[in-house]
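Listed here are the chains, written in short residue letters.
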Amino acid sequence: MAKFDPYKIINMKANEDGTFTRLLRLPPAQTNDDPSSGEAVLSKDAIINQAKGTKVRIYLPSTCISNGERLPIIYYFHGCAWVHFSPDNPTVHIERKWTAGTLPAIIILVFYRLAPETKLPGQYDDAEESILWTKRQALDPNGEPWLKNYADFSKCFLTGAGSGGNIAFHTCLRVMETDLDPLKLIGLVMNQPLFGGLRRTESEIKFAADQIIPLPVLDLVWELALPKGVNRDHRFCNPMVDGPHRQKIKSLPPCLVLGFGMDPLIDRQREFVQLLMMYGAKVEAHFDEMGFHRMEIVDVKSRVMLRDAIKQFIDKQIACEASKHEDGHLDKSDSGNHLDMNGGSV
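Each chain has its residues counted from 1, running along the sequence as written. Residues qualify for local features only when their pLDDT is at least 70, as the model is predicted, and side-chain atom pairs are given and counted only at 80 or more; totals for whole chains, interfaces and linings, by contrast, use all residues. To obtain the side-chain values, all non-hydrogen atoms of the structure were used and water was disregarded.

As a further point, take the nonpolar core. By nonpolar core is meant a set of buried Ala, Val, Leu, Ile, Met, Phe, Trp, Tyr and Cys residues that side-chain atoms within 4.5 Å join together. The rule is simple: take the accessible area with a 1.4 Å probe, protein chains only, and divide by the maximum for that residue type; under 20% is buried, over 50% is exposed, in between is partly exposed. Ranked by internal contacts, the top residues of the largest apolar core, which has 75 residues, are Tyr75, Phe77, Trp82, Leu158, Phe169, Leu252 and Leu276. Helix and strand labels come from DSSP, where a helix needs a run of H or I of at least four residues and a strand needs a run of E of at least two; each type is numbered from the N terminus. Considering each element in turn, this core owes the most residues, 8 residues, to helix H8 (residues 215-225). Leu252 has contacts with Phe169, Cys172, Leu173, Leu188 and Leu276, leaving out every residue within four places of it along the chain. Core analysis: the next-biggest nonpolar cluster, separate from the first, contains 23 residues, Leu258, Phe260, Leu306 and Ala309 among them. In what follows, residue pairs with any heavy atoms lying within 4.5 Å of each other are defined as contacts.

Structure follows, in structure tokens:
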């Protein structure tokens, strides 16, 4: 693996003074909140913590304004291995507009602080704060109007990809112990979640020279993200280790885990699904053998497939919630785990 320069692959430079320079610079994507513009999906930013410089980007299908429909809220935590991107990245922005319009849903894209300048659990703090900010908007008569007028606060989902999938998991463990009323989290979606550990898995060894996340890059990004003095067997990185998080898993809402068979992370994702089941979470899993890490970024077919799986999951959880209210009890007709560990559809 000596031929790999992990800093070069992640487009970063480690400076002699201990700081880091990001070499990947893209022009920021601009928001558009003007209903008269003809945009199918509108967007705008809102500050959640001025001191930390954290904010969210909200995406609203413009049809809501004309028909008054209330839509579910989907929080999205972007990936790129803790160290890159923000919601004004053009790729992230375009993807969220497309997702908001095709689900449809109100998407809250979280500008969490990046590593290594902010170590874990700083990213979890920012994610949790974005959820509590939404609660304040719901309770405030003068709260964010897009949320007040068009959001269904009883239908909220946490979602994320890569490192964002990790954030979604750990944040959900935190907030399930918090009074979120009138918000209700009814689903958790983790697309190719980023986990690690000191022990090398078979897939990490098999795909050690992966062009997206080769093994030296995996090791580096965890070194940059984890708190000083801990190793990759900390629970932030490796949920398989013993810790207080395990007993909280049973409190999670229904979970969807997605992955691709040629991803170095696939073995850890399969182990993670088994962990969720062991500790009482309701899980659906879809692992497509013909694909690599974050394949959906470059492959339209994969992007549509993932969107469809996520939409099916979201629609199912919303229907289950409606059934609870109608019948006064949990619908037991489809309460088991659905695992597709070797490809095909869920």
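Further remarks concern empty space enclosed by the protein. Method remark: on a 1 Å grid restricted to protein atoms, a set of points is classed as a cavity if a 1.4 Å probe fits but cannot get out and as a pocket if it is open with protein on both sides within 12 Å along at least five of seven lines; lining residues have an atom within 4 Å of a point. Grid points are joined across faces, edges and corners, and a volume is the space filled by probe spheres set on the points. Overall, the coordinates contain 3 cavities of 30 Å³ or more when judged by the stated rule. Around the largest cavity, the lining comprises 20 residues; the ones closest to its centre are Tyr76, Arg96, Thr99, Asn191 and Ile310. Taken together, the elements giving at least two residues each to the lining of the largest cavity come down to strand E5 (71-77), helix H3 (90-102), strand E7 (151-161), strand E8 (185-191) and helix H11 (300-327). With 5 residues, H11 is the largest single contributor of residues to the lining of the largest cavity. A class-by-class count of the residues in the lining of the largest cavity yields 10 nonpolar, 4 polar and 6 charged. Under the convention adopted here, Pro, Cys and the residues Ala, Val, Leu, Ile, Met, Phe, Trp and Tyr are nonpolar, Asp, Glu, Lys and Arg are charged, and Gly plus all remaining residues are polar.

Here we take up H3. In a helix, the anticipated span is given by 1.5 Å times the number of residues less one. Along its 13 residues, H3 runs 18 Å from first to last C-alpha, staying within 8% of the 18 Å computed at 1.5 Å per residue. Within H3, the full set of buried residues consists of Val92, His93, Glu95, Arg96, Thr99 and Ala100. For H3, the arc enclosing every buried residue in end-on projection is 165°, short of the 170-degree limit, so these residues lie on one face. Buried residues along H3 sit in contact with strand E3 (41-49), strand E4 (54-61), E5 and strand E6 (106-111). Here a polar contact is recorded for every N or O atom pair within 3.5 Å, except that within protein the pair must consist of a potential hydrogen donor and a potential acceptor, and residues adjacent in sequence are included only if both atoms are side-chain atoms. The backbone nitrogen of Thr91 has a side-chain oxygen 2.9 Å away, supplied by the residue at the start of H3, namely Asn89. What the arc measures is the spread of directions leading from the helix axis to the C-beta atoms.

Our focus in this paragraph is the state of the cysteines. Criterion for a disulfide: a pair of cysteine sulfur atoms at a distance within 2.5 Å. As enumerated under the stated definition, the model contains 0 disulfides in all. Cysteine Cys156 remains unbridged, with the sulfur of Cys172 as its closest cysteine sulfur at 11 Å. For Cys156, a relative accessible area of 0% corresponds to the buried category.

A few words now on a nonpolar patch on the surface. Any residue with relative accessible area above 30% and no salt bridge may belong to a patch, with like charges joined within 9 Å and the nonpolar Val, Leu, Ile, Met, Phe, Trp and Tyr side chains within 5 Å. Surface exposure here means Shrake-Rupley accessible area, sampled with a 1.4 Å probe, where a residue is shielded only by the protein chains that are shown. The working definition used for a salt bridge is a side-chain nitrogen of Lys or Arg within 4 Å of a carboxyl oxygen of Asp or Glu. Together, Ile212, Met262, Phe292, Ile297 and Val298 make up a nonpolar patch on the protein surface, roughly 430 Å² of accessible area in all. The topology assignment puts Phe292 in the loop between strand E10 (283-288) and H11.

Pairs were defined over the aromatic rings of Phe, Tyr and Trp, the Trp ring being its six-membered one, requiring ring centres within 6.5 Å. Orientation was assigned from the angle between planes: stacked under 30 degrees, edge-to-face over 60, tilted for the rest. The full count for this structure, using the stated rule, is 6 aromatic pairs. Between Tyr124 and Phe236, the ring centres sit 5.2 Å apart and the planes meet at 85°, which makes this aromatic pair edge-to-face. Within this pair, whereas Tyr124 is found in helix H4 (residues 122-139), its partner Phe236 is found in the loop between H8 and helix H9 (245-248), the two being separated by 112 residues in sequence. For the pair Phe169 and Phe195, a centre-to-centre distance of 6.1 Å together with 90° between the ring planes defines the contact as edge-to-face. Taken together, the positions of Phe169 in helix H6 (residues 163-175) and Phe195 in the loop between E8 and helix H7 (202-206) put the pair 26 residues apart, joining distant regions of the chain. According to the relative accessible area criterion, Phe169 is buried, its value standing at 0%. What makes Phe195 buried here is its relative accessible area of 2%. An aromatic cluster is present here, built from Phe169, Phe195 and Phe272 joined pairwise through their rings.

Mapped onto the fold, Asn238 is located in the loop between H8 and H9. With a relative accessible area of 8%, Asn238 lands in the buried category.

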